[in-house]
Amino acid sequence: MGASQPLLETRNLKKYFNTAAGKLHAVDDISVRIMRRETLGVVGESGCGKSTLGRTILRLIEPTDGAILFKGEDITRLKAAGMREMRMRMQIIFQDPYSSINPRMSVSEIIAEYMLFHKMYRTRAEAWNRTAQLMNTVGLARRLANAYPHELDGGRRQRIGIARALSMNPEFIVCDEPVSALDVSIQAQILNLLLELQREFGLTYLFITHDLSVVKHISDEIMVMYLGQCVEQAPADELFANPRHPYTKALLSAIPVPDISMRDREIVTIRGEVKSPINPGIGCRFAGRCEYALDRCLQADVPLVGLSEKHLCACVRAGEV
Amino acid sequence: MAETLLEVKDLAVKYKTDLETVFAVNGISFSLNKGETLGIVGETGAGKTTTALTILRLLPERVGVVGKGQVLFEGEDLLALPEHDMMKKRGDKISMIFQDPMTSLNPVHTIGGQIAEALRLHNEKNRTREQLEARVDEVLEMVGIPPSRKGDYPHQFSGGMKQRVVIAMALACEPDLLIADEPTTALDVTIQAQVLLLMRELRDRLQTAMILITHDLGVVAQMCDRVAVMYAGELVEKGTLADIFTGARHHPYTQGLFGSIPKLEDESKTLLHPIDGLMPDPTDLPEGCRFLPRCPHACEKCKEKQEDIALSPTHTARCHMLERKV
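**Quick look at the side chain of Thr51(B)**
All names here are of chain B.
Okay, step 1: Note that Thr51 resides in helix H1 (residues 48–55).
Okay, step 2: Taking the relative accessible area as the measure of exposure, Thr51 reaches 1% and is therefore buried.
Okay, step 3: Within polar-contact distance, the side chain of Thr51 engages the backbone oxygen of Gly47 at 2.7 Å.
Okay, step 4: Sequence-distant contacts of Thr51, that is, excluding residues within four places in its chain, are made with Val25, Ile28, Phe30 and Met230.

This is how it looks when you write it as structure tokens:
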């Protein structure tokens with residue numbers, strides 16, 4: 001395969017949670033391919049399963065069914081020791097920089113923790129040197145090495161999380177809403193940092209967010225999720241220029257654009273709210289809110305079909321909508 | 001000339017504790033005409049919410065102290081009113097929508113009961129119980145909730161529906177001024193679009209003046225007539241929507257704010273132009289211009305106290321560099 005082999009691939013990945021009311025379909029049949037040095041953006045509203053997808057790919061949550069291939073190797077078959085090795089190559093940056101770092105450890109201890117755990121360096125001194133280097137890479141001042149997280153603001157804490165993920169020299173990073181808790185000016189600093197790191201170290205990202213302007217900004221390809229399923233996937237510019245699924249269209253039209261000439265444009269608001277992901281039944285899950293819905297939308301599951309080589313859409317009326 | 005509804009003059013608020021004093025709002029002035037919407041934009045800690053709480057006199061007791069200034073509502077200084085008179089205004093003439101609909105509703109009362117409470121407390125027309133109930137149905141219908149659900153409790157509603165309930169409560173008495181503090185920040189985009197559309201319709205129908213507090217410039221562009229940009233307790237730039245969004249000259253912070261947002265028309269994977277550094281510590285603000293440590297154009301003159309510079313009759317910015325004719 002060579003150059004065309006994706007760094008990470010999922011095949012029919014499923015994660016169902018058992019609840020008292022029935023099976024909750026958090027991730028339902030997701031197949032993605034992410035090429036080296038590229039970013040796949042995953043967007044969707046709360047509860048669509050995007051964070052579960054990210055965590056399932058790292059096996060922080062065990063998948064119910066399906067395969068996860070990292071450089072062609074199925075990691076769902078790995079045993080604990082093998083997975084521990086694998087996690088050095090696959091890292092995650094969490095959404096909330098307040099709860100994802102240990103408040104009782106200093107900045108340098110947090111960053112060095114994984115390296116010491118995995119015994120990456122022969123001496124502790126080497127690990128501390130590497131920590132200092134990482135702090136430099138992510139833009140944390142050296143004087144903060146002995147500070148504790150509560151002394152720092154959200155942006156700096158997020159930099160700690162990024163440095164900790166980079167300490168493993170990973171090839172693949174799941175970024176789970178890394179900028180959602182931050183103010184715009186700080187958000188821009190962190191987005192730039194992630195883009196620069198990607199260029200410098202050849203990183204591959206799965207970037208999870210609910211913010212459509214952020215996802216357009218950072219991704220090569222974008223996947224739109226609705227109730228555990230992928231409803232549309234396309235290259236970033238193509239998706240924004242030519243959305244085909246009614247849900248994607250509504251999502252894009254709902255973004256408040258900071259441009260006053262757009263003030264009076266018509267907003268396609270979608271009726272109602274997301275239905276429960278518990279026992280969703282057959283048919284299109286968006287049909288209840290969709291203005292284009294037909295009877296046949298509910299009679300059978302709607303497959304994801306290719307409109308062009310890179311543009312996939314799960315809608316029976318994708319051609320006409 | 002439009003009639004002035006609210007005028008805030010040189011308002012300063014600090015939070016005093018035994019350990020430190022936080023200078024949250026430092027001498028801000030603005031006015032709002034009847035039926036107009038003012039957007040206050042800024043980042044966390046800029047003093048936006050403190051401003052709103054001061055207007056409603058809801059600052060935490062003893063800790064929140066108004067240092068100076070006046071809040072004139074229909075010509076009357078709210079800060080000088082006895083608490084009893086202020087209670088009559090709150091909810092009736094001025095009401096507020098808080099950011100988080102999950103915590104601003106009482107979980108042990110039905111939503112109908114909570115809407116009726118405001119009506120009962122401000123019952124000048126001496127409406128009977130039946131008339132009050134009819135009014136509750138009316139406002140629920142107005143925000144798109146079937147009145148049959150008024151006996152339900154907050155936990156039975158989704159986030160977007162709860163925010164509609166909060167809006168219904170705020171508008172039940174048809175206030176002259178509505179303060180909305182990040183009303184859609186906790187909501188998903190499609191629900192945000194529904195709520196914003198609803199707020200816009202109701203505002204236009206009831207002719208309510210509104211102060212919309214947000215960090216989202218997109219929301220401002222869609223909702224507001226005038227905009228004030230707040231930074232470290234000061235209004236660094238004020239103007240009409242067009243002044244701020246399309247005007248040629250801006251305060252460097254406003255420029256930074258616009259440079260920080262990812263734009264949809266940009267190609268993907270281009271770098272943004274963020275503002276370096278962080279907001280100053282509000283317990284220890286820099287002398288002169290508060291933006292000085294982060295400003296790319298900083299010079300000696302920035303260390304002096306800054307005055308508002310008029311860029312046009314409607315547009316001012318607090319930066320001495322704009323004094324020069326360009």
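Further notes follow.
**Here we look at the pairing of strand E8 (residues 209–214) of chain B**
A regular strand carries its side chains on alternate faces of the sheet.
All names here are of chain B.
Okay, step 1: The element E8 is extensively covered by neighbouring structure, given that 6 of its 6 residues are classed as buried.
Okay, step 2: Summarising the sheet, strand E3 (residues 37–41) and E8 pair through 5 bridges and their orientation is parallel. Bridge assignment links Val41 to a residue of E8, and that residue is Thr214.
Okay, step 3: Relative to E8, strand E7 (residues 177–181) runs parallel, the two sharing 5 bridges. Bridge pairing in E8 places Ala180 opposite Leu212.

**Considering the interface of chain A and chain B**
Okay, step 1: Across the contact, 47 residues belong to chain A and 47 residues belong to chain B.
Okay, step 2: Here chain A packs against chain B, burying approximately 4000 Å² in sum over the two surfaces, 57% of which is carbon and sulfur.
Okay, step 3: Ranking the residues of chain A by area buried against chain B places His217(A), Ile260(A) and Arg263(A) at the top, with a combined share of 17%.
Okay, step 4: One can count 1 salt bridge joining chain A with chain B.
Okay, step 5: Between Asp220(A) and Lys269(B) there is a salt bridge, with its nearest N and O atoms 2.8 Å apart.
Okay, step 6: Summed over the shared surface of chain A and chain B, the result is 17 residue pairs in polar contact (both at pLDDT 80 or more).
Okay, step 7: Elements represented by at least two residues in the side of chain A that touches chain B include exactly helix H6 (184–201), helix H7 (212–218), helix H8 (236–241) and helix H9 (246–254) of chain A.
Okay, step 8: Considering each element in turn, the side of chain A that touches chain B owes the most residues, 12 residues, to H6(A).
Okay, step 9: Class assignment for the residues of the side of chain A that touches chain B results in 19 nonpolar, 12 polar and 16 charged.

**Some details on H6(A)**
Okay, step 1: End to end, H6(A) covers 26 Å across 18 residues, agreeing with the expected 26 Å (1.5 Å per residue, within 8%).
Okay, step 2: Where H6(A) ends, the next residue or the one after it, Gly202(A), has phi of about 60°, a positive value.

**Focus on helix H9 (residues 252–260) of chain B**
Okay, step 1: With respect to burial, H9(B) is a largely interior element, 8 of its 9 residues being buried.
Okay, step 2: Within the span of H9(B), buried status applies to Pro252(B), Tyr253(B), Thr254(B), Gly256(B), Leu257(B), Phe258(B), Gly259(B) and Ser260(B).
Okay, step 3: The inward-facing, buried residues of H9(B) contact H6 of chain A together with helix H7 (217–223), strand E9 (226–231), strand E10 (234–240) and helix H8 (241–246) of chain B.

**Remarks on the confidence of the model for chain B**
Okay, step 1: For chain B, per-residue confidence averages 91 on the pLDDT scale, and 99% of positions sit at 70 or higher.
Okay, step 2: Of the two predicted TM-score estimates for the complex, the pTM is 0.88 and the ipTM is 0.82.

**Digging into the sheet that holds strand E5 (residues 76–77) of chain B**
Strand pairing within a sheet occurs via backbone hydrogen bonds; the two strands may be parallel or antiparallel.
All names here are of chain B.
Okay, step 1: If you walk across this open sheet you meet the 4 strands as E2-E1-E4-E5, and the pairing is antiparallel. In this open sheet, the two strands that pair with only one neighbour each are strand E2 (21–33) and E5.
Okay, step 2: Where strand E1 (residues 4–16) and E2 come together, 10 bridges link them in antiparallel fashion. The partner of Tyr15 across the bridge, within E2, is Val22.

What counts, and at which threshold
- Residues numbered from 1 in each chain as written.
- Chains lettered and ligands numbered in written order.
- Predicted model: local features only at pLDDT ≥ 70, side-chain atom pairs only at ≥ 80, totals over all residues.
- Heavy atoms only, no water.
- Helix = DSSP H or I, 4+ residues; strand = E, 2+ residues; numbered from the N terminus.
- Buried < 20%, exposed > 50% of the residue type's maximum accessible area, 1.4 Å probe, protein only.
- Polar contact = N/O pair within 3.5 Å; in protein donor to acceptor, adjacent residues only side chain to side chain.
- Contact = heavy atoms within 4.5 Å.
- Pairing = 2+ DSSP bridges.
- Buried area = accessible area lost by both parts, 1.4 Å probe.
- Salt bridge = Lys/Arg side-chain N within 4 Å of Asp/Glu carboxyl O.
- Nonpolar A, V, L, I, M, F, W, Y, C, P; charged D, E, K, R; others polar.
- Expected span 1.5 Å × (residues − 1).
- pLDDT = per-residue confidence, 0-100.

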